[in-house]
Amino acid sequence: MATSPKLQKPPIPQFDEQLVNLYEERYLPHVDVVYRFAFALTLSLETAYACVKATYQHAAVKLPSVKHMAESGVLPMLVETCWKVYQDGGYSQNSSGSSGLSSALKPLSISERASLAAVDVVGLSPADAAKVLTWPEVDVRRNLAHARRTLIQDKPNF
């Protein structure tokens, strides 16, 4: 009597428990802020979600170097990664958003929204935002001033 071959279970991937803990302790507490940054860039809940998912996938590769990074450097690294993912991934502004926030941010250029979100949402200084966005600080300050002025003048209804 012939017996059928036993199905072999796929090997269970081995994870470095220390890196998993670093991911949970240093990356995950910032996911909401990174999502808000991505939303300011894309103006779409779904596109922001996709951008953040890709951001965390890219940032996971950097985990071995994060264990030597100061806690204060993790959020700027995640925002920088999100900005690069946004640029490289072909994400764009999605005009389907109908919220007051989407309507308020829509007239701003991407550089103005990125500057505004990096400083006013994420909480980076203009100097740190310039490093994250890889722009001169004067450009970040100029974009920030124009974005704030536009928001004040347009007086959106939330």
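Along each chain, residue indices are assigned from 1 in the same order as the chain's sequence is written. Under the rules for a predicted model, residues below a pLDDT of 70 receive no local features and side-chain atom pairs below 80 are neither given nor counted, while totals for whole chains, interfaces and linings still include all residues. For side-chain calculations, the full set of non-hydrogen atoms in the structure is used, while hydrogens and water are omitted.

Chemist: Please give an account of the overall build of the protein that cites residues and values.
Modeler: A helix here means a DSSP run of H or I that spans at least four residues, while a strand means a run of E at least two residues long, and both kinds are numbered starting from the N terminus. When helices and strands are tallied, the protein shows 9 helices and 0 strands. Counting from the amino terminus, helix and strand elements in the protein follow one another as α-α-α-α-α-α-α-α-α. For each residue, the accessible area found with a 1.4 Å probe, counting protein chains only, is set against the maximum for its type, and the residue is called buried under 20%, exposed over 50%, and partly exposed in between. Counting across all 158 residues of the protein, residues that qualify as buried make up 37%. For the protein, long-range pairs separated by at least 24 residues make up 68% of all intrachain contacts whose partners lie at least 6 apart in sequence. Of the accessible surface of the protein, which amounts to about 9,700 Å², a share of 57% is contributed by carbon and sulfur atoms. Note on contacts: a residue pair qualifies if any of its non-hydrogen atoms lie within 4.5 Å across the two residues. Residue-level accessible areas treat just the shown protein chains as cover; the underlying method is Shrake-Rupley with a 1.4 Å probe.

Chemist: Residues and numbers for the nonpolar core, please.
Modeler: The biggest cluster of nonpolar side chains holds 43 residues, and the ones touching the most others in it are Tyr27, Val34, Phe37, Leu78, Trp83 and Leu133. Listed by contribution, the elements that provide at least two residues to this core are helix H1 (17–27), helix H2 (31–42), helix H3 (45–60), helix H4 (63–66), helix H5 (74–88), helix H7 (110–121), helix H8 (126–133) and helix H9 (137–154). Excluding residues within four positions of it along the chain, Val34 makes contact with Val52, Thr55, Tyr56, Leu75, Leu78 and Cys82. Residues belong to a common nonpolar core when they are buried Ala, Val, Leu, Ile, Met, Phe, Trp, Tyr or Cys residues joined through side-chain atoms within 4.5 Å.

Chemist: Describe the pattern of salt bridges, listing the residues and the values that go with them.
Modeler: Each reported salt bridge corresponds to a side-chain nitrogen of Lys or Arg within 4 Å of a carboxyl oxygen of Asp or Glu. In this structure the tally under the stated criterion is 7 salt bridges. A salt bridge links Arg141 to Glu137; the nearest nitrogen and oxygen atoms lie 2.9 Å apart. Of this pair, Arg141 and Glu137 are both found in helix H9, 4 residues apart, which corresponds to roughly one turn of the helix. Among the residues examined, Glu137 registers a relative accessible area of 31% and is labelled partly exposed. Between Asp139 and Arg142 there is a salt bridge, with its nearest N and O atoms 3.0 Å apart. Of the two residues, Asp139 and Arg142 both sit in helix H9, 3 residues apart, roughly one turn of that helix. Taking the relative accessible area as the measure of exposure, Asp139 reaches 28% and is therefore partly exposed.

Chemist: How would you explain the packing of aromatic side chains if you had to name every residue and give the values?
Modeler: Only Phe, Tyr and Trp rings are paired, with Trp represented by its six-membered ring, and only when their centres lie within 6.5 Å; those with planes under 30 degrees apart are stacked, over 60 edge-to-face, the remainder tilted. Counted according to the given criterion, the structure contains 5 aromatic pairs. Between Tyr23 and Tyr56 the ring centres are 6.2 Å apart and the planes differ by 80°, which places this aromatic pair in the edge-to-face class. One end of the pair, Tyr23, is in helix H1; the other, Tyr56, is in helix H3, with 33 residues separating them in the sequence. Under the relative-accessibility criterion, Tyr56 is labelled buried at 6%. Of the aromatic side chains, those joined through ring pairs into one cluster are Tyr23, Tyr27 and Tyr56.

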